[in-house]
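This is what each chain is made of:
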Amino acid sequence: MVAMSNPLQSTPEPAAAGDSVDDALQQVEHQLSLLWRRARSLSHQLSRQVHPDMEPAAYGLLTIIRREGTIRLTDLATCIGVGKPSVSRQIAFLESIGMVSKEADPQDGRAQSIRLTAKGEEKMHQVQDARRQVFRERLGEWPVDDIQTLAEYMRRLNATYGEPTAKD
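Just so it is clear, the structure is predicted and the values come from calculations on it, not from any experiment.

**Let's talk about the pairing of strand β3 (residues 108-116)**
Along any regular strand the residues' side chains alternate between the sheet's two faces.
Right, on to step 1. When strand β1 (residues 71-72) meets β3, the two strands line up antiparallel, connected through two bridges. Paired with arginine 72 across the bridge in β3 is serine 113.
Right, on to step 2. Here six bridges tie strand β2 (residues 100-105) to β3, and the two strands are oriented antiparallel to one another. Bridge pairing in β3 places lysine 102 opposite isoleucine 114.
Right, on to step 3. Counting the residues between successive antiparallel strands, the hairpin from β2 to β3 contains two residues.

**Here we look at the side chain of threonine 63**
Right, on to step 1. Relative to the helices and strands, threonine 63 resides in helix α2 (residues 56-68).
Right, on to step 2. Here threonine 63 falls in the buried class, since its relative accessible area comes to 17%.
Right, on to step 3. Engagement of the side chain of threonine 63 in a polar contact is seen with the backbone oxygen of glycine 60, the distance being 2.7 Å.
Right, on to step 4. Residue contacts for threonine 63: discarding those within four places in its chain leaves Met124 and Gln128.

**As for the nonpolar core**
Right, on to step 1. Membership of the largest hydrophobic core comes to 23 residues, with the highest contact counts inside it found for Leu62, Ile91 and Leu94.
Right, on to step 2. Mapped onto this core, the elements with two or more residues apiece are α1 (21-50), α2, α3 (73-80), α4 (84-96), β3 and α5 (118-139).
Right, on to step 3. When residues in this core are grouped by element, the largest group, six residues, is from α2.
Right, on to step 4. If near-sequence neighbours (up to four positions away) are discounted, leucine 62 is found in contact with Val50, Met54, Leu94, Met99, Val100, Leu116 and Met124.

**Some remarks on the sheet that holds β1**
Right, on to step 1. Strand order in this open sheet of three strands is β1-β3-β2, and the pairing throughout is antiparallel. With one partner strand each, in any of the chains shown, β1 and β2 form the two edges of the open sheet.

**What to know about the side chain of serine 101**
Right, on to step 1. Secondary-structure assignment places serine 101 in strand β2.
Right, on to step 2. Those residues in contact with serine 101 that lie beyond four places of it in its chain are Glu95, Ser113, Ile114, Arg115 and Thr117.

**A few points about a nonpolar patch on the surface**
Right, on to step 1. A cluster of nonpolar side chains, namely Leu35, Trp142, Leu150 and Met154, defines an oily patch on the protein surface of about 350 Å² accessible area.
Right, on to step 2. Among the secondary structure elements, leucine 150 is positioned in helix α6 (residues 144-162).

**Some details on the confidence of the model for the chain**
Right, on to step 1. Considering every residue of the chain, the mean pLDDT works out to 84; 86% of them sit at 70 or more.
Right, on to step 2. Scored below 50 in pLDDT, residues 1-10 makes seven contacts in the model with residues more than four places away or belonging to other chains.

**Side note on the packing of α2 against α4**
Packed helix pairs are specified by the crossing angle of their axes together with the interaxial distance, meaning the distance between the axes.
Right, on to step 1. Following both chains from N to C, one finds α2 and α4 inclined at 80 degrees, their axes separated by 10 Å at the closest point. Comparing their axes, α4 and α2 come out roughly perpendicular. Note on element contacts: α4 touches α2 through Val87, Gln90, Ile91 and Leu94, opposite Ala57, Ala58, Leu61, Leu62 and Ile65.

**A few points about a positive patch on the surface**
Right, on to step 1. On the surface, a cluster of positive charge is made up of Arg37, Arg38, Arg40 and Arg138.
Right, on to step 2. The dominant element in the positive patch, judged by the number of residues it contributes, is α1, at three residues.
Right, on to step 3. As for its placement among the helices and strands, arginine 40 is situated in helix α1.

Rules used throughout
- Residues numbered from 1 in each chain as written.
- Predicted model: local features only at pLDDT ≥ 70, side-chain atom pairs only at ≥ 80, totals over all residues.
- Heavy atoms only, no water.
- Pairing = 2+ DSSP bridges.
- Helix = DSSP H or I, 4+ residues; strand = E, 2+ residues; numbered from the N terminus.
- Buried < 20%, exposed > 50% of the residue type's maximum accessible area, 1.4 Å probe, protein only.
- Polar contact = N/O pair within 3.5 Å; in protein donor to acceptor, adjacent residues only side chain to side chain.
- Contact = heavy atoms within 4.5 Å.
- Core = buried A, V, L, I, M, F, W, Y, C linked by side-chain atoms within 4.5 Å.
- Patch = residues over 30% accessible without salt bridge, like charges linked within 9 Å, V, L, I, M, F, W, Y side chains within 5 Å.
- Areas by Shrake-Rupley, 256 points an atom, 1.4 Å probe, with all protein chains shown as cover.
- Salt bridge = Lys/Arg side-chain N within 4 Å of Asp/Glu carboxyl O.
- pLDDT = per-residue confidence, 0-100.
- Axes fitted to C-alpha atoms, helices over the stretch in contact; angles between N-to-C directions.
- Parallel < 35°, antiparallel > 145°, perpendicular 65-115°, else oblique.
- Lys, Arg positive; Asp, Glu negative; His and termini not counted.
- Charge placed at Lys NZ, Arg CZ, Asp CG, Glu CD.

Below you can see the structure in the form of C-alpha cells.
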C-alpha cells in the first residue's frame with residue numbers, strides 16, 4: 001500500500017461544483033481504493049467457494065480461462081501481467097484439484113494450453129451465478145440507465161488504465 005501525503009476522511013464529502021480537478025481526483029482515488037478493497041475481499045470469498053485452499057489469484061485465472069477458452073500458459077501470464085513462473089504455480093494447484101487440464105499446444109508442441117475441466121466449468125458456473133446474484137441484490141434497485149452508465153464509465157476507466165504510460 002502506498003502512503004498518501006494527504007490522508008482522506010473515512011467518508012469524504014462529494015466535491016462541490018467549483019472544486020479543483022485535484023479535489024475531484026482525490027474523491028475518485030478514495031472511491032476506487034474502497035472498491036478495490038471490497039473487490040479483493042469478494043475475490044477471496046469466491047475463491048474459497050471453489051476450493052478452501054484456493055488463493056484469489058488462482059480464482060482470477062479460472063475466470064480468464066473460462067472467458068477466453070483454451071489458452072496458452074504464456075498468453076495467460078501476459079493477460080494478467082505477471083511472469084510465467086507465478087502462473088505455472090497457480091495452474092499446478094488448479095490442475096491438482098481437477099479444475100484445469102494442460103495439454104500440448106497443437107500449433108507448438110513445446111507450449112502448453114490450459115482449459116477448464118468439466119468439474120472446473122461446473123464449479124465456476126455455480127460461483128459466478130452466485131456472484132451475479134450479489135450484483136442483482138446490490139444494484140437491482142438502481143435504474144437500468146444508471147447501471148448502463150456505470151458500466152460505460154467503468155469500461156472507459158479500464159480502457160484508460162490499459163493504455164501505456166510514459167513509465168511503461
